[in-house]
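# Breakdown of the fold
Listed here are the chains, written in short residue letters.
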Amino acid sequence: MTNNRKKIWMDGSLVDWNKATIHILTHALHYATAVFEGIRCYKTVNGLAIFRLSDHIQRLINSGKIYFMDIKYSKEELERAVIDTINANEVGEEFYVRPIAYYGYGKMGVNPLPNKVSIAIAAWTWDEYLKKENQHKEKGIRLMVSAWMRIDGRTMPFLAKATANYANSALARVEAIRAGFDEAIMLNTNGKVIEASAENIFIVKDGLLITPPITSGALNGITRDTVLAIAKENNIPHEIRDITRDELYIADEVFLTGTAAGIKPVSEIDNRIIADGKDGSITNRVREKFELIVHDRGNNLSKKWLTFVKNT
Ligand code: PMP
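Residues numbered from 1 in each chain as written. Predicted model: local features only at pLDDT ≥ 70, side-chain atom pairs only at ≥ 80, totals over all residues. Heavy atoms only, no water.

### Here's the deal with the overall build of the protein
To keep it simple, the criterion reads: Under the DSSP-based scheme used, a helix requires at least four consecutive residues in state H or I and a strand at least two consecutive residues in state E, with every element numbered from the N terminus. This radius of gyration counts C-alpha atoms alone. The globule rule is 2.2 Å times how many residues there are, raised to the power 0.38. The buried label goes to any residue with under 20% of its type's maximum accessible area, the exposed label to any with over 50%, and the partly exposed label to all in between, with areas taken from a 1.4 Å probe on protein chains only. Whether two residues are in contact is decided by their heavy atoms, any of which lying within 4.5 Å being enough. All accessibility values rest on the Shrake-Rupley procedure with a 1.4 Å probe; residue burial counts only the protein chains present in the view.
Along its length, the protein carries eight helices and 18 strands. The C-alpha atoms of the protein give 19 Å as radius of gyration, which agrees with the globular expectation for 312 residues (20 Å, within 12%). Seen along its three principal axes, the alpha-carbon backbone of the protein occupies a region of about 55 × 45 × 35 Å. Taking all 312 residues of the protein together, 53% fall into the buried category. Of all intrachain contacts in the protein linking residues separated by at least 6 positions in sequence, the fraction that spans at least 24 positions is 69%. Accessible surface, the protein: about 14400 Å² in total, of which carbon and sulfur atoms supply 53%.

Here it is as structure tokens:
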């Protein structure tokens, strides 16, 4: 499937995929002191293009700032490095790109600051995340509300896309998978619906598109922001507000959004079928527009958000 695993960018050099290794006493491995991004590069009618590169790199820089990281590269240099990484692996496929900034090997102990901050960027072809085998196209995924609460702002900074946050996500995800579901939804410590283990959530009720606020603990997802922009552009009524667990059960439509997962319709939550269990009309509308934008098929948001790999 993937014959494009050639090079990984590490602190300024492109190294062979199999040689992109680090020391076992790397600080980030022991204390989860790393921040990362997930970016997609799509095939478009005009060639390969990275979606919202600038916004992803800015979020990486912001995440690093929250963790006192001294990132030695400018935003422009990091954007260039992503492009170089894709070009170094290019075989005409779409890419998922994973930049990570981490405190490296040096001094053990909880304080990360004595250690150098390193950056690596890997890119590979990653088929749709959350794809269900043999799933009927019209049938969404099945979710359960996890017993694990989403990290609280008083415990962890949730606006940093930090590896540490994903221990919480991993526990919820495993719980859901072991219980026979596809993905977990997490509530915050006030009992409000926040997000899935690696996706934001939207519901539709009586024609209104609703997603929880960032300030309640949801990641400021770039796909979430894109969906809100699509809603604005297409006059789809939308609102950012807290959602309760029972609102999920009686929603007309529910979908998840994320760079890895894309826009994923949900057909069932906690064993309640959502509406008639089929993909909803607003979900489909939003997803169609999203596909037009990322593949540069005639939506003017493409111009603003696509960075072409070969032409830059
Ligand atoms: N929430 C969490 C916890 C995530 O890990 C992700 C994936 N980055 C998202 C939401 C969706 O964010 P984005 O659309 O920027 O990928």
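### Regarding the domain arrangement of the protein
We count it as follows: Start and end positions for the domains come from either an automated domain assignment or a database one. The term buried area denotes the loss of accessible surface (1.4 Å probe radius) that occurs when two parts are joined, taken as the sum for both partners. In what follows, salt bridge is the name for a side-chain nitrogen of Lys or Arg lying within 4 Å of a carboxyl oxygen of Asp or Glu. Polar contacts, as counted here, are pairs of nitrogen or oxygen atoms within 3.5 Å of one another; within protein the pair requires one atom able to donate a hydrogen and one able to accept it, and residues that are adjacent in sequence qualify only if both atoms are side-chain atoms.
Domain parsing of the protein yields domain 1 (7-124) and domain 2 (141-294). Facing the 21 residues of domain 1 at the interface are 20 residues of domain 2. Contact between domain 1 and domain 2 buries roughly 1800 Å² in total, counting both sides, with carbon and sulfur atoms accounting for 63%. When the buried area of domain 1 at its contact with domain 2 is split by residue, Phe 36, Phe 51 and Arg 59 rank highest and sum to 34% of it. Applying the counting rule to domain 1 against domain 2 returns one salt bridge. Across the pair Arg 52 and Asp 225 runs a salt bridge whose closest N-O atoms are separated by 2.7 Å. Summed over the shared surface of domain 1 and domain 2, the result is ten residue pairs in polar contact (both at pLDDT 80 or more). Elements supplying a minimum of two residues to the side of domain 1 that touches domain 2: β3 (34-36), β4 (39-44), α2 (53-66) and β6 (95-103). At five residues, α2 tops the list of elements feeding residues into the side of domain 1 that touches domain 2.

### A look at a nonpolar patch on the surface
Filter applied, for reference: Candidates for patches are residues over 30% relative accessible area with no salt bridge; among them, like charges are joined within 9 Å and nonpolar side chains (Val, Leu, Ile, Met, Phe, Trp, Tyr) within 5 Å.
A contiguous nonpolar surface patch, about 700 Å² in accessible area, is contributed by Ile 24, Leu 25, Leu 29, Tyr 31, Tyr 105, Met 108 and Val 110. Following the sequence through the fold, Val 110 ends up in the loop between β6 and β7 (117-124). Given the relative accessible area of 62%, Val 110 is considered exposed.

### Examining the side chain of Arg 59
Within the fold, Arg 59 resides in helix α2. Relative accessible area serves as the criterion here: at 7%, Arg 59 is assigned to the buried category. Contact partners of Arg 59, with chain neighbours within four places excluded, come to Glu 37, Lys 161, Leu 219, Asn 220, Gly 221 and Ile 222.

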